[in-house]
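# Breakdown of the fold
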Amino acid sequence: MKCFKKFLFSVVDLFRKKEYDAAVKIQSWFRGCQVRAYIRNLHRITTVIQKWWRSYLGRQEYRLIVKFASCAMKMNFYNAMAVRIQRRWRGYRIRKYCFNYFYLKEYLRAVSETNDAIREALEEFAEMKEREEKKADLEREEKKRDYQARKMHYLLSTKQIPGVYNSPFRKDPDPWELRLQKAKPLTSQRSKAKPKPCISLSDWLACTSARSFPQSEILPPIDRKQCQGPFRDITEVLEQRYKPLEPTLRVAEPIDELKVARGEFRRQEWMRNVNDNMFLPFSSYHKNKKYIPLMNSSSKYGPNSYGSQHFRDENPKKWICDKDFQTVLPSFDLFSKYGKLYSKAGQII
């Protein structure tokens, strides 16, 4: 009996445990569904809240973008309008004040009219001058013919003998015959000798006479306007035209300067009557001093002309002996050798 009771209790415990596990499973599933539904509800609510918040932020950002775009559009429009207004105003100002086409056209028309008037005046002046020159030429020719007629008045025909211009074989006399009849004979007039002006020594010294130094009169200034155009001043042009000669070194210094200097030195020696012969004193005071002749005139060969031979050329025909010698001396030895000779020669001169 006790064993059967134990068996029943164990079976009941098994059913109770099974029911308990089933109840736990049902509760866990329901609670899971409930939690998942709650979480799903929270996700849906969060999504709605985020959507509305993001839409609000998007609308705010879009408003800012639209605002900036509208401001940029307005500024571009205002700048374009300002540029158009400035272009119109600057064009109007340039055309009216700086490059006025109508004013320039009027100026050119006035210049052309002035040029036409001046050209007509110059043509009239040229015609007048030409007429005056022709009239002067005619008067000169007429005076020349009158003088010739007075000079040839002896060729006039007389009652007994016809003249050269009055041939009996012609019906009418020559025009020169009529001119000879009107002209008067030319008489020779002796020109009166003008007395020479007496010029005293004081006039010569004071330079007040007519034959003294010429004195140029000061001309009055020329009152004329400056020439229109890019022309230089007259003084500058004259200075450029009459500037002093600036010869180069080759033109200023002759090529044969050394030869000319030697010739001048020889002429000076000849003028001073330098005798290069041995000096024979009349007393015994100078007998112990040695005479040193001049190098320029006592040389056996003479100076070589520059151009035919060079300074360092060797001529064996002029050698005294066959022994070779050094062609170039050092500058110090050359100075020590010839310096004393030149100084002594200068003392003798």
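What counts and what doesn't
- Residues numbered from 1 in each chain as written.
- Predicted model: local features only at pLDDT ≥ 70, side-chain atom pairs only at ≥ 80, totals over all residues.
- Heavy atoms only, no water.
- Salt bridge = Lys/Arg side-chain N within 4 Å of Asp/Glu carboxyl O.
- Helix = DSSP H or I, 4+ residues; strand = E, 2+ residues; numbered from the N terminus.
- Buried < 20%, exposed > 50% of the residue type's maximum accessible area, 1.4 Å probe, protein only.
- Contact = heavy atoms within 4.5 Å.
- pLDDT = per-residue confidence, 0-100.
- Phe/Tyr/Trp six-rings, centres within 6.5 Å; stacked < 30°, edge-to-face > 60°.
- Lys NZ or Arg CZ within 6 Å of the ring centre and 35° of its normal.
- Patch = residues over 30% accessible without salt bridge, like charges linked within 9 Å, V, L, I, M, F, W, Y side chains within 5 Å.
- Areas by Shrake-Rupley, 256 points an atom, 1.4 Å probe, with all protein chains shown as cover.
- Lys, Arg positive; Asp, Glu negative; His and termini not counted.
- Charge placed at Lys NZ, Arg CZ, Asp CG, Glu CD.

## Considering the pattern of salt bridges
For the coordinates displayed, the defined rule picks out 10 salt bridges. Linking glutamate 130 and lysine 134 is a salt bridge whose minimum nitrogen-to-oxygen distance equals 3.8 Å. Taken together, the residues span about one helical turn, with glutamate 130 and lysine 134 both in helix α2 (residues 101–151) at a distance of 4 residues. The partly exposed category is assigned to glutamate 130, whose relative accessible area is 43%. When the shortest N-O distance is used, the salt bridge between glutamate 264 and arginine 267 registers 2.6 Å. Placement of the pair is glutamate 264 and arginine 267 together in helix α7 (residues 257–271), with a separation of 3 residues, close to one helical turn. Looking at glutamate 264, the relative accessible area reads 36%, which means it is partly exposed. One salt-bridge network, in which partners are shared between bridges, spans Glu142, Arg145, Asp146 and Arg179.

## Examining the side chain of glutamate 177
You can see glutamate 177 is positioned in helix α3 (residues 175–182). Beyond its immediate chain neighbours, meaning those up to four positions away, glutamate 177 contacts Leu156, Ser157, Tyr165 and Asn166.

## Concerning the confidence of the model for the protein chain
Low-confidence regions, as indicated by low pLDDT, have predicted coordinates that should not be scrutinised in detail. For the protein chain, the average pLDDT comes to 76, and 63% of its residues sit at 70 or higher. The weakest mean pLDDT in the protein chain belongs to helix α9 (residues 331–348) at 45; the strongest belongs to α2 at 91. Predicted confidence is poor over residues 204–214, with pLDDT under 50, and the contacts of this stretch with residues over four places away or in other chains come to 9 contacts. Segment residues 329–349 is flagged for pLDDT under 50; beyond a separation of four residues in sequence, or across chains, it makes 10 contacts in the model.

## Quick word on the packing of aromatic side chains
Going through the model one piece at a time under the given rule, you end up with 5 aromatic pairs. Ring centres of tyrosine 101 and phenylalanine 102 lie 5.5 Å apart, and the angle between their planes is 75°; on these two criteria the pair is classed as edge-to-face. Per residue, the accessibility class of tyrosine 101 equals that of phenylalanine 102, and both read exposed. Of note, arginine 179 hangs over the ring of tryptophan 176, and the distance from its end group to the ring centre comes to 5.8 Å.

## Re a negative patch on the surface
Side chains of Glu120, Glu123, Glu124 and Glu127 sit close together on the surface and give a patch of like negative charge. Mapping glutamate 127 onto the fold places it in helix α2. Glutamate 127 gets classed as partly exposed once you look at its relative accessible area, which sits at 45%.

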